[in-house]
Amino acid sequence: MLTQAILVAIWAGICSMDDVGPQMLRRPLLTGTIAGIIMGDMVQGLAISATLELMWMGIGNVGAYSAPDIVAGAIIGVSLGITTGGGIATGIALGVPVSLLCQQLLIVWRSFACFLNPWAERSILNGDYKGLARVHFFSTPLWFLIRAVPCFIAIYFGSDLVKTILDAIPQSIIDGMGVASKLIPAVGICILLLMLLKGRMWFFFLLGFMLTTYLKLPIIPITFIALAFAVLYDMASSGSKNHQEQSDNNQTSNNTEEEYDL
């Protein structure tokens, strides 16, 4: 069990590093399946991770909103679902609360990481690139451990420890986090609106609002509709730009010919 816990923790740390980079490994269908392979039951891992993927398909960070940690939730849910023999039910029962608990850990870390920005900016202004490198060397291991440590503890000590930790959190703190989780999305939406309401971008926001609110379309059809409008908008913008450049070139050519006539 120790070897498996270490391997799963390393995998969680790799996914954590990817989460602040290209974000190619963060979906439960991939993270949970790899955790199932490490735990020795790929089929069960795929079944649990696919169920969690369906549950968390529309979850994502928007603006300042920090979504439940689907990376740690999927890895721990799959691992404990396999070790306890509970299957999909146990994986979901443990994965969902763990994702909410790890969400708060990420919020604490990201709040602390804000203090690293002045350090990095000061290093850049002073031309101290070694100092800028030290910022990365300091924060990178913490990003790795922020998910590796909880996954190792949960898997090595079992589901009883996870339940004990969740039960030990005071209800007032849980209620406070619930209120904060409802306020933070509003802040994120306001930040996005600052960008969307500039120029002609408000039209796309209005279109998405109508599709979601009045037509009750799910996220996948809206994504394809948005993709089609984005391609049409890009084609129209490119055509208008090319037409303007052609007009400018023709005007320049006419002016040159007139100068030659003189």
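Residues numbered from 1 in each chain as written. Predicted model: local features only at pLDDT ≥ 70, side-chain atom pairs only at ≥ 80, totals over all residues. Heavy atoms only, no water.

## Re the packing of helix α4 (residues 70-83) against helix α5 (residues 87-113)
No. 1: For the pair α4 and α5, the least separation of the axes is 7 Å and the interaxial angle reads 145°. You can see that α4 and α5 cross each other, and the crossing is right-handed. Where α4 abuts α5, its residues Ala72, Gly73, Ile76, Gly77, Leu80 and Gly81 lie against Gly87, Thr90, Gly91, Leu94, Gly95, Val98, Ser99 and Cys102.
No. 2: Across the contact of α4 with α5, the residue classes break down as six nonpolar, eight polar and no charged. (Axes fitted to C-alpha atoms, helices over the stretch in contact; angles between N-to-C directions. Helix = DSSP H or I, 4+ residues; strand = E, 2+ residues; numbered from the N terminus. Left-handed = near helix turned anticlockwise from the far one by under 90°. Contact = heavy atoms within 4.5 Å. Nonpolar A, V, L, I, M, F, W, Y, C, P; charged D, E, K, R; others polar.)

## Examining the confidence of the model for the chain
No. 1: Mean pLDDT for the chain: 76, with 76% of residues reaching 70 or above.
No. 2: When mean pLDDT is compared element by element in the chain, helix α2 (residues 28-39) scores highest at 87, while helix α9 (residues 171-196) scores lowest at 64. (pLDDT = per-residue confidence, 0-100.)

## Considering α4
No. 1: Counted at 1.5 Å a residue, the expected span for α4 with its 14 residues is 20 Å, and the 20 Å between its end C-alpha atoms agrees.
No. 2: Where burial is concerned, most of α4 is hidden: 13 out of the 14 residues are buried.
No. 3: Gly85 sits one or two residues past α4 and shows a positive phi near 75°. (Expected span 1.5 Å × (residues − 1). Buried < 20%, exposed > 50% of the residue type's maximum accessible area, 1.4 Å probe, protein only.)

## Re unusual backbone geometry
With glycine set apart, most residues show a phi of negative sign, and most peptide bonds adopt trans.
No. 1: Even without glycine at this site, Lys216 takes up a positive phi of about 55°.
No. 2: Relative to the assigned elements, Lys216 resides in the loop between α10 (202-213) and α11 (219-261).
No. 3: With a relative accessible area of 64%, Lys216 lands in the exposed category.

## Focus: the pattern of salt bridges
No. 1: Scanning the entire structure with this criterion turns up two salt bridges.
No. 2: Between Asp69 and Arg147 there is a salt bridge, and its shortest N-O distance comes to 2.9 Å. With Asp69 in the loop between α3 (42-55) and α4 and Arg147 in helix α7 (residues 129-157), this residue pair connects regions lying 78 residues apart in the sequence.
No. 3: Note on Asp69: relative accessible area 3%, which makes it buried.
No. 4: You can call Arg147 buried: its relative accessible area is 1%. (Salt bridge = Lys/Arg side-chain N within 4 Å of Asp/Glu carboxyl O.)

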